[in-house]
Amino acid sequence: MFLPTLSRRERGLLFTFALLALVALFGPALPAADVAIASVFADNRAWQGLPNAMDVLSNLPFLLIGCWGLYRLNRIDRAHQQALAQFPLAPPASDPPDNTLDCAWLFFAGLIATAAGSAFYHLLPDAPRLAADRAGMAVAFAGLIGIAVCERVSQRAGWPAAWFVLTAGLLAAEVVQETGNVLPWALVQFGGMALVLTLALATPMRGAVGLKLGWVIFFYAAAKAFELADHQVYEASGQLISGHSLKHLVAALAGLPVLAALRKLDVSWRGTLLRHNPDAAALTA
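A short tour of the structure in this document, coming up. Here the structure is a predicted model, which means the values were calculated and not measured.

1. Remarks on the pattern of salt bridges
Part 1: Inspection of the entire model under this criterion finds four salt bridges.
Part 2: A salt bridge links arginine 45 to aspartate 43, with the shortest nitrogen-to-oxygen separation between them at 2.8 Å.
Part 3: Judged by relative accessible area, arginine 45 falls into the partly exposed class, the value being 36%.
Part 4: One salt bridge in this structure joins glutamate 227 and lysine 247, with 3.2 Å as the shortest N-O distance. Of this pair, glutamate 227 sits in helix H8 (residues 213-228) while lysine 247 sits in helix H10 (residues 243-252), and the two are 20 residues apart along the sequence.
Part 5: One salt-bridge network, held together by shared partners, links Lys224, Glu227 and Lys247.

Put into C-alpha cells, the structure is as follows:
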C-alpha cells in the first residue's frame, strides 16, 4: 500500500502506529513495577503440589476458548475449500473475508499462547517467565487488533496491522526484560486497547463480520479492574478467589464475541452459498 492510495482511515491508522512507535523509541523510560515476585499476588496457595494453584489453573479458559476458536475456523476453512472444489460458480462476493479469518487464527492461537505463558509464569514468578507471559499476550493482542482493523478500517490493512502489533509486542516484552523500561509494553497494551476503543466508535466497513468490539473492551476493562483489586477481592471473598485469578477468567471471555462473530459469518456464508448453489446443502450440514 502506497500513501496516495490509502483511504482516510488507513492513513489515520498508519499515523497512529507511527506515533506510538516514536513514543516507544524516544519517550522517557518508565521503570517496571516489581510484579515478578510471587509475594505480590494475593493467593499463593498450593493444591496437590501445584504452586500458586488458582493463578495457574485460572488460565484454562484461555486454552478452552482458544481451541474452540481454532476448531470453528478450521470448520469454516474446510467447508470453504470443499465449496470451491465442488461449486466453482459460487460468486467471489460470497467468500469469507480472508484477512479477518487470518487475524482470527492469530487471535485464538494467541489465547492458547497466553494460557501457556501465564501458567508458566505463575508456577514460579520471576522476570524471564514474565517475559514469556507477555509474549503470549502479544500474540492475542495482535490478532484482536488485526480483526478490529479489518472490521473498521479495511480488509487489506488488517493483516499488516496484526504483524506490526505482534512485532512491537514481542520486542516490547524483551525490552522490559533487558532494560526494565516498561513504556513500550504499556504502549502496546494500553495504546492497543485505546485503538480498539476508537475503532469501536467507527462505522463498520462493508462486509464486516459484525464483531461487537464494545463487549471485548468491557471484558478487558473488567479484567484490569480485578487485577488492580487482587488483594481486596481475595479478602472480600473470604480468601476463596483472588482478583488476579478472576482477571484470567474474565479476560478469557473476550474471546466469546469473536466466536459469536465467526458463527454469524459461518451461517451467513453458508446461506449465501445455498442461494447460488442449491445443491450445496451437504456442505452446510
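Having put the structure on the table, let's press on.
2. With respect to the side chain of lysine 224
Part 1: Along the chain, the position of lysine 224 falls in helix H8.
Part 2: When neighbours within four sequence positions are excluded, lysine 224 is seen to be in contact with Gln189 and Phe190.

3. Here we look at the packing of aromatic side chains
To describe a pair of aromatic rings, one takes the distance between the centres and the angle between the planes.
Part 1: Tallying each qualifying case throughout the model produces eight aromatic pairs.
Part 2: Here phenylalanine 141 and tryptophan 185 contribute two aromatic rings whose centre-to-centre distance is 6.2 Å and whose plane-to-plane angle is 40°, an arrangement assigned as tilted. Residue phenylalanine 141 is located in helix H5 (residues 127-152), and its partner tryptophan 185 is located in helix H7 (residues 183-200); the two are separated by 44 residues in the primary sequence. We note that phenylalanine 141, like tryptophan 185, is buried.
Part 3: A ring pair is formed by tryptophan 215 and phenylalanine 218, whose centres lie 5.7 Å apart and whose planes are at 85°; its orientation type is edge-to-face. With a gap of three residues between them, tryptophan 215 and phenylalanine 218 both fall in helix H8, about one helical turn apart.

4. Considering the nonpolar core
Part 1: Leu13, Phe107, Phe108, Val149, Trp185 and Leu262 are the most contacted members of the largest nonpolar core, which has 58 residues in total.
Part 2: Contacts of valine 149, omitting those with residues within four sequence positions, involve Leu13, Ser154, Ala157, Gly158, Ala161 and Leu199.

5. A few points about the packing of helix H1 (residues 8-26) against helix H6 (residues 155-179)
Geometrically, a packed helix pair is captured by the angle between its two axes and the distance between the axes.
Part 1: For the pair H1 and H6, interaxial distance at closest approach is 11 Å and the crossing angle is 5°. Comparing the axis directions of H1 and H6 gives the class roughly parallel. Taking contact as the criterion, the partners of Glu10, Leu13, Phe17 and Ala21 in H1 are, on H6, Arg156, Ala157, Ala161, Phe164 and Val165.
Part 2: Broken down by class, the residue content of the contact of H1 with H6 amounts to seven nonpolar, no polar and two charged.

6. Focus: the packing of H6 against H7
Part 1: Where H6 meets H7, the axes come as close as 7 Å, and the angle between the chain directions of the two elements is 145°. Between H6 and H7 lies a crossing of left-handed hand. On H7, the residues touching Ala168, Gly169, Ala172, Ala173, Val175 and Val176 of H6 are Pro184, Trp185 and Val188.
Part 2: Partitioning the contact of H6 with H7 into residue classes produces eight nonpolar, one polar and no charged.

7. Some words on the side chain of serine 118
Part 1: Structurally, serine 118 can be placed in helix H4 (residues 98-123).
Part 2: When its relative accessible area of 3% is taken as the criterion, serine 118 is described as buried.

8. Quick look at the state of the cysteines
Covalent bonding between the sulfur atoms of two cysteines is what defines a disulfide.
Part 1: As enumerated under the stated definition, the model contains zero disulfides in all.
Part 2: Cysteine 103 carries a free sulfur, and the closest cysteine sulfur to it, the one in cysteine 150, is 4.4 Å from it.
Part 3: We classify cysteine 103 as buried; its relative accessible area is 0%.
Part 4: We classify cysteine 150 as buried; its relative accessible area is 2%.

9. Brief notes about the environment of leucine 64
Part 1: The residue leucine 64 is located in helix H3 (residues 60-86) in this model.
Part 2: Taking relative accessible area as the criterion, leucine 64 reaches 60% and is therefore assigned exposed.
Part 3: With 47 residues separating them in the primary sequence, leucine 64 and leucine 111 have C-alpha atoms 8.8 Å apart.

10. Overview of unusual backbone geometry
Part 1: Here glutamine 48, not a glycine, exhibits a phi torsion of approximately 50°, which is positive.
Part 2: In this structure, glutamine 48 sits in the loop between H1 and helix H2 (53-57).
Part 3: Looking at glutamine 48, the relative accessible area reads 71%, which means it is exposed.
Part 4: Positive phi, close to 50°, is recorded for asparagine 52, a residue that is not glycine.
Part 5: The exposure class assigned to asparagine 52 is buried, which follows from its relative accessible area of 10%.

11. Topic: a nonpolar patch on the surface
Part 1: On the surface, a cluster of nonpolar side chains totalling about 370 Å² of accessible area is made up of Trp47, Leu57, Leu60 and Leu63.
Part 2: Its place among the elements puts leucine 63 in helix H3.

What counts, and at which threshold
- Residues numbered from 1 in each chain as written.
- Predicted model: local features only at pLDDT ≥ 70, side-chain atom pairs only at ≥ 80, totals over all residues.
- Heavy atoms only, no water.
- Salt bridge = Lys/Arg side-chain N within 4 Å of Asp/Glu carboxyl O.
- Buried < 20%, exposed > 50% of the residue type's maximum accessible area, 1.4 Å probe, protein only.
- Helix = DSSP H or I, 4+ residues; strand = E, 2+ residues; numbered from the N terminus.
- Contact = heavy atoms within 4.5 Å.
- Phe/Tyr/Trp six-rings, centres within 6.5 Å; stacked < 30°, edge-to-face > 60°.
- Core = buried A, V, L, I, M, F, W, Y, C linked by side-chain atoms within 4.5 Å.
- Axes fitted to C-alpha atoms, helices over the stretch in contact; angles between N-to-C directions.
- Parallel < 35°, antiparallel > 145°, perpendicular 65-115°, else oblique.
- Nonpolar A, V, L, I, M, F, W, Y, C, P; charged D, E, K, R; others polar.
- Left-handed = near helix turned anticlockwise from the far one by under 90°.
- Disulfide = S-S within 2.5 Å.
- Patch = residues over 30% accessible without salt bridge, like charges linked within 9 Å, V, L, I, M, F, W, Y side chains within 5 Å.
- Areas by Shrake-Rupley, 256 points an atom, 1.4 Å probe, with all protein chains shown as cover.

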